[in-house]
Amino acid sequence: MLFKLASIFCIVQLTESLLLRVNEFGLHEAANFTRQWLSMAGPHMKMPEIRQSFYNSLAGGEMTVTNITIKRFVPPLIRFRPSDHSFLYMSTLSGYAQVSAEWSVESQFLHMLKIPLQGQIHAQMTGLISEIAMQITQDNEVEVHHCVAQIRDLRVAFEGSVAADVIHWFRQSVTRAIRRTLEEEYCDMMRNHWLPWVEAQLYQFPTNLTISHSPDVTLIQTMQSIAMTQHHVDVRMRSDLIWDDEFVESGMVENSTLASVEALPRSTRMIDMFIDEHTVQSIIAAAHFAGHLKTKIESPFLKTSCDVLCIGTVLPELAEQVPNRTLSVEASTLSPPVIDLQQGRALVYLNASLNVFAEPPLKTVEGSMLTINVETEFTLTMEMRNKRVKGYINMINAQANLVDSKVGLMSQKTVDFLVNMSTPFLEDAVDVLIGRGLIVADPFQFPSTNEHLSIHDKCLRWEADIVMPTVVAHTNVF
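Anyway, here's the lowdown on the structure attached to this text. Worth saying up front: this structure is predicted, and the values here are computed from it rather than measured. (Residues numbered from 1 in each chain as written. Predicted model: local features only at pLDDT ≥ 70, side-chain atom pairs only at ≥ 80, totals over all residues. Heavy atoms only, no water.)

Concerning the pairing of strand β11 (residues 216-228)
Note the threshold: Note on pairing: DSSP must find at least two bridges between two strands before they are called paired. Each helix corresponds to a stretch of at least 4 residues labelled H or I by DSSP, and each strand to a stretch of at least 2 residues labelled E; elements are numbered beginning at the N terminus.
Bridge analysis of β11 against strand β12 (residues 233-243) gives 11 bridges, and the strand direction is antiparallel. In the strand pairing of β12, Ile 220 is matched with Asp 240. Hairpin connection of β11 to β12: 4 residues between the antiparallel strands.

Here you go:
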């Protein structure tokens, strides 16, 4: 049954039908997000012990530095810089840390003098200059290609005993060892903890858009590729429909989104989401077959008996055949609407059925008393405010035909009036669906703010700022 449906309407399996673009403002926020992570994770970083040998004419031995602890940490400034050759660079500058540790010495000479061979180390680090190059693999995964880190200034002081004065003779070599360890551990932390943590955050954002629960219709997003320029990072996705847990299969179509979006002005928001016209058409088709494109029109004008102005006073013949009734009109699409996305507007072709019901029902009529089919063409413009999308339509062309009447013979004048009235009824029905405003949750469950929706040639553009989640660093991961 499902694949019969797929052959009836145009549900398409798309290649790169959705483009998610992280702009410069998004990269800037990602840098702030990473800095917040470092401020939480840095103090919990655990480093291995350091062993350093020292020799001179007076004494020699080996010093071990253990329990290296970061007492105070101010994360460096961070900047993300994408490149045209699929590398994303993260550079750091500045930063401050205070580090404490314990030292112990193995020295036969100092041991013979019965000098205590342990004490404390206090270090102060200023300025972390680093560059991490992340590369997109063929499997569209992000991996660290290389990491280079350099501590600009590191000052070390030893305390504990006369042995500390001896170790001060080797301050330079010990400082180099501590500096090298801190630099290596920073790169290891970013490679082994920060990058997996970022991936875990991204996996929390569902890539499914639920269109209907009965039947269960879901738009599934699958990442196809990641591309970069000097200004943004593009995540290109394919869209597929799942209908009652079954994949709706169809032919491939040529993607046209990427060719048109590059000519659009650069966004001032963190992310852009470009939705291909074919995906929009697929969503509309799924909504039609799920029965969502229907509405009911009620109005005081639809009374057949009244004292002032109503349809009964305009059409006495109808009032005679259907006295003391209130009519209602149910509008529903006969086929999936066809949409043509143009710059600033959408051109919509819609075939709909208008079924007229009487309340209370007529004893001699089962179901609708009148059925009128309408073929229309109209333009649609949209605006989005506070997560509410409102549409405005402008009817271009409409043609209506009376398909069925169960209330007996009516004059041609009455028939013509009902047919002519069908177009305003359909216009009201469309206004009920989109004109009063649709509350739109965050698309694909991205927590967002400052949203803006616009129509462009062959695509929809959704711009927004992302509300970054709160950073919580777990001490047991380091």
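Once the structure has been displayed, the description carries forward.
Observations concerning the state of the cysteines
Linking two cysteines covalently via their sulfur atoms produces the bond known as a disulfide. Spelled out, the test is: Any cysteine sulfur atom paired with another within 2.5 Å is treated as part of a disulfide. Accessibility here uses a 1.4 Å probe with only protein chains present; expressed as a share of the type maximum, an area under 20% marks a residue as buried, one over 50% as exposed, and anything in between as partly exposed.
Evaluated as defined, the whole model comprises 2 disulfides. Bridging Cys 147 to Cys 187, the disulfide has an S-S length of 2.1 Å. Negative torsions about the S-S bond denote left-handed disulfides, and the value of about -75° found for Cys 147 with Cys 187 makes this one left-handed. Highlighted residues: Cys 147 in strand β9 (residues 142-159) and Cys 187 in helix α5 (residues 171-203), separated in sequence by 40 residues. In this structure, Cys 147 and Cys 187 share a single accessibility class: buried. The disulfide pattern of the protein chain is 1-2, 3-4 when the bonded cysteines are numbered in sequence order.

Here's the deal with the packing of aromatic side chains
Formally: Two aromatic rings, drawn from Phe, Tyr or Trp (for Trp, its six-membered ring), form a pair once their centres lie within 6.5 Å of each other, and the interplanar angle then sorts them: stacked below 30 degrees, edge-to-face above 60, tilted otherwise.
In this structure the tally under the stated criterion is 4 aromatic pairs. Measuring from centroid to centroid gives 5.4 Å for Phe 33 and Trp 197, while their planes differ by 35°, and the two rings are tilted. Of the two residues, Phe 33 is situated in helix α2 (residues 24-41) and Trp 197 in helix α5; the sequence distance between them amounts to 164 residues. Residues Phe 33 and Trp 197 agree in their burial class; the two are buried. Their ring planes at 20° and their centres at 6.2 Å tell us that Phe 80 and Trp 194 sit as a pair that is stacked. Placement of Phe 80 in strand β5 (residues 77-82) and of Trp 194 in helix α5 is noted, with a sequence separation of 114 residues between them.

Describing empty space enclosed by the protein
This is how it is decided: We place a 1 Å grid over just the protein atoms. Points where a 1.4 Å probe fits but has no way out form a cavity, open points with protein on both sides within 12 Å along at least 5 of 7 lines form a pocket, and any residue with an atom within 4 Å of a point lines it. Grid points are joined across faces, edges and corners, and a volume is the space filled by probe spheres set on the points. Residue polarity follows a fixed list, in which Ala, Val, Leu, Ile, Met, Phe, Trp, Tyr, Cys and Pro are nonpolar, Asp, Glu, Lys and Arg are charged, and the others, Gly among them, are polar.
Evaluation of the coordinates by the stated rule reveals 4 cavities of 30 Å³ or more. In this structure, the largest cavity occupies an estimated 130 Å³ of space. Along its surface, the largest cavity is lined by 13 residues, and Met 45, Phe 73, Met 125, Leu 128 and Tyr 186 are the ones closest to its centre. Looking at the lining of the largest cavity, the elements that each hand over two or more residues are β4 (60-74), β7 (96-106), β8 (118-136) and α5. Among the elements that take part in the lining of the largest cavity, α5 stands out by supplying 4 residues, more than any other. Its residues placed into classes, the lining of the largest cavity shows 12 nonpolar, no polar and 1 charged. Space inside the second largest cavity adds up to approximately 90 Å³. Listing elements by their share of the lining of the second largest cavity, those giving two or more residues are β17 (326-333), β19 (345-359), β20 (370-385) and α10 (412-435).

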